[in-house]
Amino acid sequence: MPAGACDCHVHVYDARFPATPDALLLPPDASVDDYRLLQQRIGTARVVLVTPSTYGIDNRCMLAGLAALGDAARGVAVLDETVSDAELQALHDLGVRGIRFNLSLGAHPPAGSLRPMAERIAPLGWHLQLLAPTDTLLALAPMLRDLPVALVFDHLGRVAPADAGRHAAHALVLDLLRDGRAWVKLSGGYIVSATHRADDAALDALARSYLQAAPHRVVWGSDWPHATASAGRHPMPDDAVQVDALARWCGDDDTLRRVLVDNPAALYGFIPAHPVSPS
């Protein structure tokens, strides 16, 4: 791994923080100390903690993780329109750099809050992270093209490998990347794969399409600790295999360093580990 490599999609879980009553995923505890063991295994140094759907708009577990990890971490919170401007600033001071809308598991916050929340976070320089089925993406396309903040698409845009180059949602994500309005996470490949394998060769064309379209707008995430796998929806992926797949998609050390170091530094405000590569 290059120095300063960042895993841009990780969740932490702690039973001291209650799950929201309608939570669909209730994984076992996964702590910062547990994650540090994975960092030692795969060689990452930085991390982005994302509040999972399990906790609804309660960000305390994610914030506790940020406090434990210090400046090597940033956060993405789940918020609704009840949050105050003072609370947004306090979250920024703690290392939060974006908000997430997960429209795949329920719809809270609802899609109707996308624009109002985007306008609220724009002065902070935050982004809006979105996970949504492809049909939902298409329905939201006019709004997504006009939001005042950058978009970050989770899990390869939730595009199935078989739809790469064929589905209008894939074309939409590519357009937003090329226009500089969006980023995409090469994460959750095993979720969108028909075989639910991290080493599924069918993922190659989809991942490379994003790298070819806008290599400076692509980041990577492990999706540790893989809550959908612990829920029995598919086998538990091997994170080292995910890293091997990323290296294959990137094809060379410069692209790998860009995805793991330069791009996360730009998106999340990390101090670059070395001079940023030209776009």
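Rules behind the numbers
- Starting from 1, residues in each chain are numbered consecutively following that chain's sequence as written.
- Residue-level local features of this predicted model are given only where pLDDT is at least 70; pairs of side-chain atoms are given and counted only at 80 or more, and the full residue set underlies all totals for whole chains, interfaces and linings.
- Side-chain numbers here rest on the full set of heavy atoms in the structure, without hydrogens or water.
- Burial classes: relative accessible area under 20% of the type maximum marks a residue as buried, over 50% as exposed, and values in between as partly exposed (1.4 Å probe, protein chains only).
- For the purposes of this entry, the term helix denotes a DSSP run of H or I that reaches at least four residues, the term strand denotes a run of E that reaches at least two, and both are numbered from the N terminus.
- Contacts are residue-level and defined by heavy atoms, with any inter-residue pair within 4.5 Å sufficient.
- How far a helix is expected to stretch is found by multiplying one less than its residue total by 1.5 Å.
- We define the bend at each residue as the angle formed by axes fitted to the 7 residues ending at it and the 7 residues starting at it.
- Each polar contact in these results corresponds to two N or O atoms within 3.5 Å; when the atoms are within protein, one needs to be able to donate a hydrogen and the other to accept it, and residues that are neighboring in sequence are counted only if both atoms are side-chain atoms.
- Here, strands pair whenever DSSP counts at least two bridges between them.
- When the strands point away from the viewer and the path from the first strand over the helix to the second turns clockwise, the crossover is right-handed.

A. Representation of helix H6 (residues 168-178) in the model. Along H6, the residues that are buried comprise Ala-169, His-170, Leu-172, Val-173, Leu-174, Leu-176 and Leu-177. Where the residues of H6 are buried, they touch helix H5 (134-144), strand E6 (151-153), strand E7 (182-186) and helix H8 (203-213).

B. Layout of helix H11 (residues 253-268). Spanning 16 residues, H11 covers 22 Å between terminal C-alpha atoms, matching the ideal 22 Å at 1.5 Å per step. Where H11 bends most, the angle comes to about 40°, and this point is Val-259. Counting buried positions along H11 gives 12 out of 16 residues, so the element sits mostly inside the fold. Every buried residue of H11 is accounted for by Thr-255, Leu-256, Arg-258, Val-259, Leu-260, Val-261, Asp-262, Asn-263, Pro-264, Ala-265, Leu-267 and Tyr-268. Between the side-chain oxygen at the start of H11 and the backbone nitrogen of Asp-254 there is a gap of 3.1 Å, and the oxygen is on Asp-252.

C. Local environment of the pairing of strand E3 (residues 73-77). With respect to burial, E3 is a largely interior element, five of its five residues being buried. Neither face of E3 is exposed, since Ala-73, Gly-75 and Ala-77 on one face and Arg-74 and Val-76 on the opposite face are all buried. Taken together, the four bridges between strand E2 (residues 46-50) and E3 define a ladder with parallel strand orientation. Residue pairing in the sheet places Val-50 in a bridge with Val-76 of E3. Between the parallel pair E2 and E3, the chain is carried across by helix H2 (residues 60-69), and the sense of this crossover is right-handed. Two strands pair when backbone bridges link them, and E3 and strand E4 (residues 96-102) are joined in this way by three bridges, in the parallel orientation. Of the residues in E4, the one forming a bridge with Gly-75 is Val-96.

All we've got here are geometric facts, nothing functional implied.
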